[in-house]
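Below are the chains, spelled out letter by letter.
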Amino acid sequence: GASISVQELANRLKKPAAELIKKLIGLGIMATINQEIDAEVAEIICADYGVEVQVKIEDPEKEILELLEQEDSPEDLVARPCVVTVMGHVDHGKTSLLDAIRQTNVTASEAGGITQHIGAYQVEHNGQKITFLDTPGHEAFTAMRARGAKVTDIAILVVAADDGVMPQTVEAINHAKAANVPIIVAINKMDKPGANPDRVKQELTEHGLLPEEWGGDTICVNVSAKTKQGISDLLEMILLVAEMLELKANPKRLAKGTVIEAKLDKGRGPVATVLVQNGTLQIGDAIVAGTAFGRVRAMTDDKGRQVKKAPPSMPVEVLGLSEVPEAGDVFYAFDDEKKAKQLVQIRLDRKREEELKANSKVSLEDLFARI
Ligand code: GDP
Ligand code: MG
């Protein structure tokens with residue numbers, strides 16, 4: 001824990017050290033002038049002098065992270081593509097919509113790479129990029145949010161026009177609102193005979209989303225993942241909302257981002273799809289994600305092409321990590337490999353400590369059970 005020497009504390013309080021030593025003796029602590037005393041004891045002494053202290057708890061992990069989290073100067077910031085998540089009730093067409101968007105935006109020359117699945121992809125619309133997270137909506141979203149990782153700029157809420165607002169639709173609305181992420185509603189399956197977009201809008205109103213055409217600020221777009229109706233309107237609206245968000249990043253700094261998904265590949269070892277959120281990730285960079293460490297050995301984009309650099313908002317598959325990180329882990333690139341290893345060691349030590357605590361707790365309970 002934190003500590004301070006008697007002399008140092010006396011200096012700060014502008015009191016004679018001998019007086020402090022007397023007080024310490026009063027507390028049953030036989031201290032010498034150079035002795036280090038605990039923060040809690042120092043607090044008692046200070047309170048005795050009517051001085052309130054704030055104990056700064058040393059957290060070596062935080063110290064390293066703070067160095068990495070330095071703010072960008074405004075002149076380094078440039079526009080970055082928006083990152084979009086698709087949410088909605090099961091079977092309302094999230095996967096179909098993501099596929100439809102990807103297909104309508106793949107040029108003939110790229111078509112070979114369309115089978116590639118890395119958990120996220122980028123499309124271009126009117127010369128502007130949009131990043132889509134292709135992970136199973138809710139779970140990924142909540143897992144990432146639980147870790148404090150904010151990855152999404154815009155949420156697309158898919159509602160089937162023939163089914164309307166359902167329990168998971170409401171859940172999705174609540175998640176997006178809690179995360180303060182703007183929602184665009186895609187009213188899907190418009191090709192179906194039973195499609196009733198007005199009913200969907202009415203139901204949305206009951207959950208606090210008032211459509212624009214009814215005087216509110218919720219953008220609704222009628223689409224069909226099957227016929228591709230409205231897909232380009234939807235992309236248009238995404239770009240419109242993104243423009244209002246004025247999303248910026250600094251491509252000149254070391255990369256920081258979030259692990260979207262990760263797995264162990266038999267041939268290639270740990271493979272992680274990461275979303276770069278700030279900075280530029282480059283081959284050879286030392287990175288840490290959770291307790292995984294490594295140097296970026298190779299990077300692949302969503303079309304299976306090898307890339308040397310990944311700028312802000314770009315999803316890439318990364319090879320070179322020592323172990324498989326977890327979805328939602330934040331990753332950092334380092335210029336100082338020593339610092340990177342230090343961070344991993346701190347986290348491993350903490351993990352071990354927590355495991356020990358958990359184990360000892362179990363054995364105590366065992367003991368009580370036996371009594
Ligand atoms: P998810 O669970 O939200 O990912 O939904 P899916 O994308 O798996 O779609 C569920 C079902 O609805 C599948 O059988 C799709 O073929 C179908 N579906 C999705 N979008 C449309 C659409 O626009 N029109 C029609 N007719 N069917 C759709
Ligand atoms: Mg699906």
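In case you missed it, the structure is sitting above this.
Reading the values: rules and limits
Residues numbered from 1 in each chain as written. Chains lettered and ligands numbered in written order. Predicted model: local features only at pLDDT ≥ 70, side-chain atom pairs only at ≥ 80, totals over all residues. Heavy atoms only, no water. Helix = DSSP H or I, 4+ residues; strand = E, 2+ residues; numbered from the N terminus. Buried < 20%, exposed > 50% of the residue type's maximum accessible area, 1.4 Å probe, protein only. Near = heavy atom within 4 Å. Polar contact = N/O pair within 3.5 Å; in protein donor to acceptor, adjacent residues only side chain to side chain. Nonpolar A, V, L, I, M, F, W, Y, C, P; charged D, E, K, R; others polar. Core = buried A, V, L, I, M, F, W, Y, C linked by side-chain atoms within 4.5 Å. Contact = heavy atoms within 4.5 Å.

1. Focus on unusual backbone geometry
Part 1 of the reasoning: One non-glycine residue, Asp91, adopts positive backbone phi at about 70°.
Part 2 of the reasoning: With respect to the element layout, Asp91 can be found in the loop between strand E4 (82–88) and helix H5 (94–104).
Part 3 of the reasoning: You can call Asp91 exposed: its relative accessible area is 63%.
Part 4 of the reasoning: One non-glycine residue, Asn180, adopts positive backbone phi at about 60°.
Part 5 of the reasoning: Looking at where Asn180 falls in the secondary structure, it is placed in the loop between helix H7 (167–178) and strand E8 (183–188).

2. Observations concerning the site of ligand 1
Part 1 of the reasoning: Taken together, 15 residues lie around ligand 1, and Asp91, Lys94, Thr95, Ser96 and Asp191 are the ones closest in.
Part 2 of the reasoning: A distance of 2.8 Å is found between an oxygen atom of ligand 1 and a backbone nitrogen or oxygen belonging to Lys94.
Part 3 of the reasoning: Contact between ligand 1 and Lys226: an oxygen atom at 3.3 Å from a main-chain N or O atom of the residue.
Part 4 of the reasoning: With three residues, H5 is the largest single contributor of residues to the shell around ligand 1.
Part 5 of the reasoning: Looking at the shell around ligand 1, its residues break down into two nonpolar, seven polar and six charged.

3. Focus on the nonpolar core
Part 1 of the reasoning: Within the largest apolar cluster, 28 residues are counted, with the highest numbers of intra-cluster contacts made by Leu97, Phe132, Ile156, Leu234 and Ile238.
Part 2 of the reasoning: Contributions of two or more residues to this core are made by E4, H5, strand E5 (120–125), strand E6 (128–133), strand E7 (154–160), E8, strand E9 (219–222) and helix H9 (231–245).
Part 3 of the reasoning: Considering each element in turn, this core owes the most residues, seven residues, to H9.
Part 4 of the reasoning: In contact with Ile156, not counting residues within four places along its chain, are Val84, Thr85, Val86, Met87, Leu97, Ile184, Ala186, Leu234 and Ile238.

Keep in mind these numbers describe shape, not what the thing actually does.
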